[in-house]
Structure formats: C-alpha cells, structure tokens
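Residue-level structure breakdown
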Amino acid sequence: LGVTKKVFRMERTLTAPRPLPYSGVAVPIGVGTRVLAVSGIAEPVHFRETLTAAGFDVVAMFPFKDHHRFTSEDVSRIATRAEGDNISWVLTTEKDAVRLAPYAPFSFPIAVVPLTVCIEPVEDFSAWLLSRLDRNGDSQ
C-alpha cells in the first residue's frame, strides 16, 4: 500500500531594514554594508547567516542568550564595537528591537531587519491544513 505524503517547504525572507531612532546621520543600508549583527535568539548564528546570504558584510556578531533583557552596559558595548570596527549599521531582529527600544535614540545607526516566513506552495498548504480541520476547528 503506497501512502502519499504532501511536502511543503518553509521560505525565510528578509525585508528591507527599518532604521530605529538614531541621533546622527547614517549611510544608506544595502548590499555590502558593513554591519554588526546583534541578536538574543535561540540560534543567533542563523541571523548572521541570513544577513550574509542577503549580501551584508557581517563584520562582527554580538550573540546574546534567547530572551536577553538588554542593559545600558550592553548598549554601550555595542556602541564601542560599532565605532571601533568602523561599522556602518548595527542590525538586529524584530524581537530584539523591542527589548532595545527603551535605550533609543542610539548613538550608533541601528536598524531592525524583519524576517518573513512563508510555507510554499501556500495555496496547497492552506487546502491541506483546512482538509484536516472539522467544522469546529478541531483536528481530525
């Protein structure tokens, strides 16, 4: 008896970085921009790899533990590293931008890099998922 399994793939895509409040003038953000990656996520190396794949020149990485609560000392260390390595921008995740927001405006150019995740092919996935739910929203 052959069983047919549906296969879907997850696609992760970076969208354009959105600058956070900064007290100076920054260069444009784009491919080849020298960046310092800052993230407090479960697998920070994935953030670095994603930025590199998008064409950013990741000069350095500040990985923090997942759910890290940033301190003023952390922000000072980030600023020192960004200035010392001639970094054009500090890039961070949406999750970390929320935790860094209380320290704005920053003394260095910083932007959040939104990540969108999509399951492909989306139409097939939607149909597959709906076929597994009954009218009450419970799985069959």
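Data block above holds the structure.
Read on for an overview of the structure. The structure presented is a predicted model; accordingly, all values stated were derived computationally and were not measured.

Rules used in this analysis
Counting from 1, residues in each chain are numbered in the order their sequence is written. Owing to the predicted nature of the model, reporting of local features is limited to residues with pLDDT of at least 70; listing and counting of side-chain atom pairs is limited to 80 or more, with chain, interface and lining totals taken over all residues. Each side-chain value is worked out from all heavy atoms of the structure, with water and hydrogens disregarded. To qualify as a helix, a DSSP run of H or I must reach at least 4 residues; to qualify as a strand, a run of E must reach at least 2; elements of each kind are numbered from the N terminus. Just to be clear, the radius of gyration here is over C-alpha atoms, and the globule rule we use is 2.2 Å times residues to the power 0.38. Of the two site types, the cavity is a set of points on a 1 Å grid over the protein atoms alone where a 1.4 Å probe fits but cannot get out, and the pocket is an open set with protein on both sides within 12 Å along at least five of seven lines, each lined by residues with an atom within 4 Å of a point. Grid points are joined across faces, edges and corners, and a volume is the space filled by probe spheres set on the points. Note on residue classes: Ala, Val, Leu, Ile, Met, Phe, Trp, Tyr, Cys and Pro are nonpolar, Asp, Glu, Lys and Arg are charged, and everything else, Gly too, is polar.

1. Here's the deal with the overall build of the protein chain
Scanning the protein chain from N- to C-terminus turns up four helices and seven strands. Its helices and strands in sequence order give the protein chain the pattern β-β-β-α-β-α-β-α-β-β-α, from N to C terminus. Taking 14 Å as the expected radius of gyration for a compact globule of 140 residues, we find that the protein chain reaches 19 Å, considerably beyond that expectation. Reported as C-alpha extents along the three principal axes, the dimensions of the protein chain are approximately 65 × 30 × 25 Å.

2. As for the environment of P21
Within the fold, P21 resides in the loop between β2 (18-19) and β3 (34-39). Note: C-alpha distance between P21 and I110 (89 residues apart in sequence) is 7.7 Å.

3. Observations concerning the layout of surface pockets
Roughly 190 Å³ of volume is contained in the largest pocket. Going through the elements one at a time, β1 (9-14), α1 (44-53) and α3 (94-100) are the ones with two or more residues in the lining of the largest pocket. Of all the elements, α1 adds the most residues to the lining of the largest pocket, at three residues. Along the lines of polarity and charge, the residues of the lining of the largest pocket split into six nonpolar, three polar and four charged.

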